[in-house]
Amino acid sequence: MAPSILIVEDEPDIRDLLKFTITRGGYDVLEAESAEHALQILDLKLPELAIIDWMLPGISGVDLANKLRREELTRQLPIIMLTARSEEIDKLKSFESGVDDYMTKPFSPRELLARTKALLRRSGAPVDNIVELEGICLDLQSHEVTVGGAKVHIGPTEFRLLELLMRHPNRAFDRSQLLDRVWGRSVYVEERTVDVHVLRLRKALQPHGLDRLIQTVRGIGYRFSPST
Ligand code: CA
């Protein structure tokens with residue numbers, strides 16, 4: 001499934017241009033014409049990235065970004081802010097609004113797409129069916145895992161486990177969350193099964209010196225922890 005990108009912009013012409021640009025990049029688009037509308041959409045679906053215009057009627061783009069950063073569900077959502085004036089970028093920096101990147105309007109569609117891709121890659125979202133972090137490369141189509149071109153031999157369960165953890169770097173999952181997402185809700189497996197597969201995954205990564213990335217979070221479960 002292609003990553004979905006939320007676009008929040010009130011001006012129809014610019015929203016259309018954004019939609020055209022992002023769709024052409026191979027992503028799914030969710031559109032909102034206001035921050036309020038965006039929040040309704042986010043209640044139903046969590047995108048992989050949001051592009052938010054600063055100037056919106058009602059709640060401003062900056063206030064929306066701040067709000068998203070405060071909420072558990074959207075805390076990690078990568079955000080690109082669009083601004084009409086370059087002076088606003090200084091404000092953005094000083095605000096520490098948690099915006100990951102910003103562009104001034106009029107923007108170059110090509111550059112916006114490049115930045116979107118780069119930000120998705122940094123956040124662990126799949127880009128062109130590839131999830132890549134810390135030198136580990138997952139091919140979602142062929143289900144192959146490579147490190148620096150060398151194949152890592154892991155089973156299908158370990159693959160799904162690694163994919164989930166890498167798509168949400170730094171996020172700790174407990175065993176029941178891992179069971180639901182990796183094994184599926186309809187399957188009954190004991191929680192200690194998770195530990196067995198985590199162990200296998202670490203063993204597979206160990207020859208590459210990367211087993212340390214799969215960390216145990218005491219009292220919770222496991223997480224993928226990039227070194228930066
Ligand atoms: Ca606007």
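Starting afresh in each chain, residues are numbered from 1 along the sequence in its written order. Residue-level local features of this predicted model are given only where pLDDT is at least 70; pairs of side-chain atoms are given and counted only at 80 or more, and the full residue set underlies all totals for whole chains, interfaces and linings. The side-chain numbers reported here are obtained from all heavy atoms of the structure, hydrogens and water having been left aside.

Engineer: Explanation requested: the coordination of the calcium ion in the structure shown.
Structural biologist: Around a metal, the perfect tetrahedron of four donors has angles of 109.5 degrees, and the perfect octahedron of six donors has angles of 90 or 180 degrees. Only nitrogen, oxygen and sulfur atoms within 2.8 Å of the metal, or 3.2 Å for Na, K and Ca, are treated as donors, and water is left out, so sites may look incomplete. Every protein donor of the calcium ion is accounted for by Glu9 (OE), Asp10 (OD), Glu11 (OE), Asp53 (OD) and Met55 (O), and the metal-donor separations fall at 2.1 to 2.9 Å. Positions of the donor residues of the calcium ion, expressed as sequence spacing, correspond to E-D-E-x41-D-x1-M. Taken together, the residues span a long stretch of sequence, with Glu9 in the loop between strand E1 (4-8) and helix H1 (12-24) and Asp53 in strand E3 (residues 49-53) at a distance of 44 residues. Comparing Glu9 with Asp53 shows no difference in burial state: the two are buried. Only DSSP runs of H or I covering at least 4 residues are called helices, and only runs of E covering at least 2 are called strands; the numbering of each starts at the N terminus. Note on classification: 1.4 Å probe, protein chains only; a residue is buried when its accessible area is under 20% of the maximum for its type, exposed when over 50%, partly exposed between these limits.

Engineer: Can you walk me through the sheet that holds strand E6 (residues 130-133) in this structure?
Structural biologist: Adjacent strands of a sheet form backbone hydrogen bonds with each other and so pair up, either parallel or antiparallel. Pairing between strands is defined by DSSP: at least two bridges between the two strands are required. The four strands lie next to each other as E6-E7-E8-E9, forming an open sheet whose pairing is antiparallel. The sheet is open, and its two borders are formed by E6 and strand E9 (150-152), each paired with just one other strand. On average, adjacent strands in this sheet sit at an angle of 25 degrees to one another, irrespective of strand direction. Relative to E9, strand E8 (residues 144-147) is paired through three bridges, and the arrangement is antiparallel. Opposite Val145, over in E9, you have Val152 as the bridge partner. For helices, the axis comes from a line fit to the C-alpha atoms of the stretch in contact; other axes are also lines fit to C-alpha atoms, and the angle between any two N-to-C directions lies between 0 and 180 degrees.

Engineer: So what exactly am I meant to see when it comes to the pattern of salt bridges here?
Structural biologist: Opposite charge on two side chains makes pairing possible when the charged atoms of those side chains draw close. In what follows, salt bridge is the name for a side-chain nitrogen of Lys or Arg lying within 4 Å of a carboxyl oxygen of Asp or Glu. Counting across every chain of the model gives 13 salt bridges. With its nearest N and O atoms 2.8 Å apart, the salt bridge here joins Lys105 to Glu9. Of the two residues, Lys105 is situated in the loop between strand E5 (101-104) and helix H5 (109-122) and Glu9 in the loop between E1 and H1; the sequence distance between them amounts to 96 residues. Considered together, Lys105 and Glu9 belong to a single accessibility category, that of buried residues. Through salt bridges with shared partners, a single ionic network connects Glu9, Glu11, Asp53 and Lys105.

Engineer: Whenever I open this one, the sheet that holds E5 confuses me. Can you help?
Structural biologist: The sheet built from five strands is open, its strands ordered E2-E1-E3-E4-E5 with parallel pairing. For this open sheet the edge positions go to strand E2 (28-32) and E5, each flanked by a neighbour on one side alone. On average, each strand axis in the sheet is tilted by 20 degrees relative to the strand beside it, whichever way the strands run. When strand E4 (residues 79-83) meets E5, the two strands line up parallel, connected through four bridges. Residue pairing across strands places Ile80 opposite Asp101, the latter belonging to E5.

Engineer: Please explain the pairing of E1 as it appears in this structure.
Structural biologist: The side chains of a regular strand alternate between both faces of the sheet. Across the five residues that make up E1, a large majority, five, are buried. Neither face of E1 is left uncovered, since the one carrying Ser4, Leu6 and Val8 and the one carrying Ile5 and Ile7 both have all their residues buried. Pairing analysis gives four bridges linking E1 to E3, with the strands arranged parallel. Considered in E3, the bridge of Leu6 is made with Ala50.

Engineer: Help me out: how do you make sense of the side chain of Ser4 in this one?
Structural biologist: Its place among the elements puts Ser4 in strand E1. By relative accessible area, which is 2% here, Ser4 ends up buried. Other than its neighbours up to four places away in sequence, Ser4 contacts Asp28, Leu30, Lys45, Leu46, Pro47, Glu48 and Leu49. When checking whether two residues touch, look at their non-hydrogen atoms; a contact exists if any pair is within 4.5 Å.

Engineer: It is not clear to me how the domain arrangement of the protein chain should be interpreted in this structure. Could you clarify?
Structural biologist: By a frequent convention, interface size equals the accessible area lost on bringing the separate parts together. Each domain's extent is set by a domain assignment, obtained either automatically or from a database. Partitioning the protein chain into structural domains gives domain 1 (4-122) and domain 2 (130-224). The straight-line distance from the C-alpha centre of domain 1 to that of domain 2 is 30 Å.

Engineer: I'm lost on the nonpolar core in this one. Help?
Structural biologist: For soluble globular proteins, the rule of thumb is that nonpolar side chains tend to be buried together. To define a nonpolar core, start from buried Ala, Val, Leu, Ile, Met, Phe, Trp, Tyr and Cys residues and group those joined through side-chain atoms within 4.5 Å. Counting 29 residues, the largest nonpolar core has Ile136, Leu138, Leu162, Met166, Leu178, Ile214 and Phe224 as the members making the most contacts within it. Contributions of two or more residues to this core are made by E6, strand E7 (136-139), E8, helix H6 (156-167), helix H7 (175-183), helix H8 (192-205) and strand E12 (221-224). Ranked by the residues each element gives to this core, the list is headed by H6, at six residues. The residues contacting Leu138, other than those within four sequence positions of it, are Asn129, Ile130, Val131, Glu144, Val145, Phe159, Leu162, Glu163 and Met166. Core analysis: the second largest hydrophobic core is formed by 20 residues, Leu6, Ala65, Leu68 and Val99 among them.

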